[in-house]
2 protein chains.
Amino acid sequence: MQLSCINFIDMIRRKTKKVETLINLFEQKNEALSVVDLTNRLSTQMNKTTVYRILDRLEQSGVVHSFNDSNGLRWYAKCNGCSATKHTDTHPHFQCTDCGTIECLSMEIPVPSISNRQINSVEIMLKGTCERCIS
Amino acid sequence: MQLSCINFIDMIRRKTKKVETLINLFEQKNEALSVVDLTNRLSTQMNKTTVYRILDRLEQSGVVHSFNDSNGLRWYAKCNGCSATKHTDTHPHFQCTDCGTIECLSMEIPVPSISNRQINSVEIMLKGTCERCIS
DNA sequence: AAAATTAATGCAACTTAGTTGCATTTACAA
DNA sequence: TTGTAAATGCAACTAAGTTGCATTAATTTT
Ligand SMILES: [Mn+2]
Ligand SMILES: [Mn+2]
Ligand SMILES: [Zn+2]
Ligand SMILES: [Zn+2]
């Protein structure tokens, strides 16, 4: 956990305090974080533009990857084994329609190829009710 | 083609000229249409608010379904065998990162269930280069 | 250590997709 | 024809995300 965090910092240009703050949030749980949530939670510590830019840098470094949910909001989740040059972690996500939480799933979902088309990435979002909201 | 179009109109409350215009656009190709594109193309024929509202009604009627692409734009595509009460057509989509076009795919991609979670829908987006842009 | 360079940040203004309220018009039924 | 409910237009609004530019902080060079 702590080790991978250090690896993360190695990938980006400057390991500032604010960058560390962002990375630590992603280390805590195996959940994605929405930018709206992050800018709110960090509003006293840094400007929202800074949040956007740090997330952008983290993505380019292969630390996190981004996607949009069906409400049009942008989310980020930590990558597993990606780098600045190789973004290969395309795990599926699960969003609870009750609480909005997005979990990162470790399952592999095989996708068939399509003739005459080049598939570069696959985004899979399962939607339903999460463990907490189901009971 | 023409028959299914008539079925479509039966599902919604009033078959106005503008509603027919929208439905006809979806009948033409097996491609999804972005709301931004639609409001632009129809800007001389109807207000953008009307476009949004008609699409909303068409979705509630089971004529089309909506989703968001990774650029945060909302898209609509025609449903296959859905109704106001049963939205079961969850076909995957393919978006070309060159031209932006989104195709509806007829393939079935099996998704495993997750313990302690209720999966209600699955959204799958393949990204890459389409037939036209690949050559 | 001081100066020079480069990256990171804050702030305000901006862009734009999508929504809302309300007045008006159109469609349909009584 | 009259009454009622749905559909539409228009303007104002909301909010996520972006951009430009001045300032600050970190790193490198001398
Ligand atoms: Mn990744
Ligand atoms: Mn459907
Ligand atoms: Zn939940
Ligand atoms: Zn293309």
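For the structure itself, consult the block above.
Residues numbered from 1 in each chain as written. Chains lettered and ligands numbered in written order. Predicted model: local features only at pLDDT ≥ 70, side-chain atom pairs only at ≥ 80, totals over all residues. Heavy atoms only, no water.

Draft legend 1. Representation of helix 2 (residues 17-28) of chain A within the structure. A rise of 1.5 Å per residue sets the reference length of helix 2 of chain A, with its twelve residues, at 16 Å; its end C-alpha atoms lie 17 Å apart and thus fit the reference within 8%. Of the positions making up helix 2 of chain A, those classed as buried are A:V19, A:L22, A:I23, A:L25, A:F26 and A:E27. (Helix = DSSP H or I, 4+ residues; strand = E, 2+ residues; numbered from the N terminus. Expected span 1.5 Å × (residues − 1). Buried < 20%, exposed > 50% of the residue type's maximum accessible area, 1.4 Å probe, protein only.)

Draft legend 2. Region of interest: unusual backbone geometry. Notably, A:N116 is not glycine yet its phi reads approximately 65 degrees, a positive angle. For A:N116, a relative accessible area of 49% gives the class partly exposed.

Draft legend 3. Region of the structure containing the protein's contact with DNA strand D. Around DNA strand D sit 21 residues in total, of which A:Y52, A:R74, B:R13, B:T50 and B:R57 are the nearest. Here, DNA strand D places atoms within 4 Å of the protein, and 62% of those atoms are sugar or phosphate. A distance of 2.9 Å separates a phosphate oxygen of DNA strand D from a polar side-chain atom of A:Y52. Contact between DNA strand D and B:T50: a phosphate oxygen at 2.4 Å from a side-chain N or O atom of the residue. By residue number, the principal contributor to the surface near DNA strand D is helix 4 (residues 48-60) of chain B, which donates five residues. (Near = heavy atom within 4 Å. Polar contact = N/O pair within 3.5 Å; in protein donor to acceptor, adjacent residues only side chain to side chain.)

Draft legend 4. Geometry of the coordination of the zinc ion (ligand 4). Residue and element names in this part refer to chain B. The coordination sphere of the zinc ion (ligand 4), as far as protein atoms go, consists of C96 (SG), C99 (SG), C130 (SG) and C133 (SG), spread over 2.2 to 2.5 Å. Geometry at the zinc ion (ligand 4) is tetrahedral, judged from its four donor atoms and the angles of 103 to 121 degrees they form at the metal. In the primary sequence, the donor residues of the zinc ion (ligand 4) line up as C-x2-C-x30-C-x2-C. Within this pair, whereas C99 is found in the loop between strand 4 (93-96) and strand 5 (102-104), its partner C130 is found in the loop between strand 6 (118-129) and helix 5 (131-134), the two being separated by 31 residues in sequence. Using a relative accessible area of 39% as the deciding quantity, one classes C99 as partly exposed. (Donors = N, O, S within 2.8 Å, 3.2 Å for Na, K, Ca; no water. Tetrahedral: all angles 85-135°; square planar, octahedral: opposite > 155°, others 65-115°.)

Draft legend 5. Representation of the interface of chain A and chain B within the structure. If you look at the interface, chain A gives 31 residues, while chain B gives 31 residues. In this assembly, chain A packs against chain B so that about 2,600 Å² is buried in total across both faces, 56% of it on carbon and sulfur atoms. Three residues stand out in chain A for area buried against chain B, namely A:R117, A:E123 and A:K127, and they jointly supply 21% of the buried area on that side. Where chain A meets chain B, there are six salt bridges. Across the pair B:E123 and A:K127 runs a salt bridge whose closest N-O atoms are separated by 3.2 Å. Counting across the interface, chain A meets chain B through 14 residue pairs in polar contact (both at pLDDT 80 or more). Contributing elements (two or more residues each) for the side of chain A that touches chain B: strand 6 (118-129) and helix 5 (131-134) of chain A. Along the lines of polarity and charge, the residues of the side of chain A that touches chain B split into 15 nonpolar, ten polar and six charged. Both strand 6 of chain A and strand 6 of chain B contribute to a ladder of eleven bridges, which runs antiparallel. (Contact = heavy atoms within 4.5 Å. Buried area = accessible area lost by both parts, 1.4 Å probe. Salt bridge = Lys/Arg side-chain N within 4 Å of Asp/Glu carboxyl O. Nonpolar A, V, L, I, M, F, W, Y, C, P; charged D, E, K, R; others polar. Pairing = 2+ DSSP bridges.)

Draft legend 6. Structural detail: the environment of A:I102. Residues and elements named next belong to chain A. Position of I102 relative to the elements: it lies in strand 5 (residues 102-104). For the pair I102 and I23, spaced 79 residues apart in sequence, the C-alpha to C-alpha distance is 17 Å. If near-sequence neighbours (up to four positions away) are discounted, I102 is found in contact with E31, A32, F67, D69, W75, H93, F94, Q95 and M125.

Draft legend 7. Summary view of the sheet that holds strand 1 (residues 33-34) of chain A. All names here are of chain A. Taking strand neighbours across the sheet as the criterion, the three strands line up as 1-3-2 in an open arrangement whose pairing is antiparallel. The open sheet is flanked by strand 1 and strand 2 (64-68), the only strands paired with a single partner. Of the pairings in the sheet, the one linking strand 2 to strand 3 (residues 74-78) comprises five bridges and is antiparallel in character. Looking at the pairing, N68 lines up with R74 of strand 3. Along the sheet face, helix 4 (residues 48-60) touches strand 2 and strand 3 and points at about 115 degrees away from the line of strand 2. (Axes fitted to C-alpha atoms, helices over the stretch in contact; angles between N-to-C directions.)

Draft legend 8. Main features of the coordination of the zinc ion (ligand 3). Residue and element names in this part refer to chain A. Looking at the metal site, the zinc ion (ligand 3) is ligated by C96 (SG), C99 (SG), C130 (SG) and C133 (SG), spaced 2.2 to 2.5 Å from it. Counting the intervening residues between successive donors of the zinc ion (ligand 3) yields the motif C-x2-C-x30-C-x2-C. Of this pair, C99 sits in the loop between strand 4 (93-96) and strand 5 while C133 sits in helix 5; the two residues are 34 residues apart in sequence, bridging distant segments of the chain. The exposure class assigned to C133 is partly exposed, which follows from its relative accessible area of 27%.

Draft legend 9. Quick peek at the packing of helix 2 of chain A against helix 4 of chain A. Residues and elements named next belong to chain A. At a minimum axis distance of 10 Å, the contact between helix 2 and helix 4 shows a crossing angle of 70 degrees. Taken together, helix 2 and helix 4 sit at an angle that is classed as roughly perpendicular. Crossing angle aside, the handedness with which helix 2 passes helix 4 is right-handed. Note on element contacts: helix 4 touches helix 2 through T50, I54, L55, R57 and L58, opposite K18, V19, L22, I23 and F26. Looking at the contact of helix 2 with helix 4 residue by residue, the classes come out as seven nonpolar, one polar and two charged. (Parallel < 35°, antiparallel > 145°, perpendicular 65-115°, else oblique. Left-handed = near helix turned anticlockwise from the far one by under 90°.)

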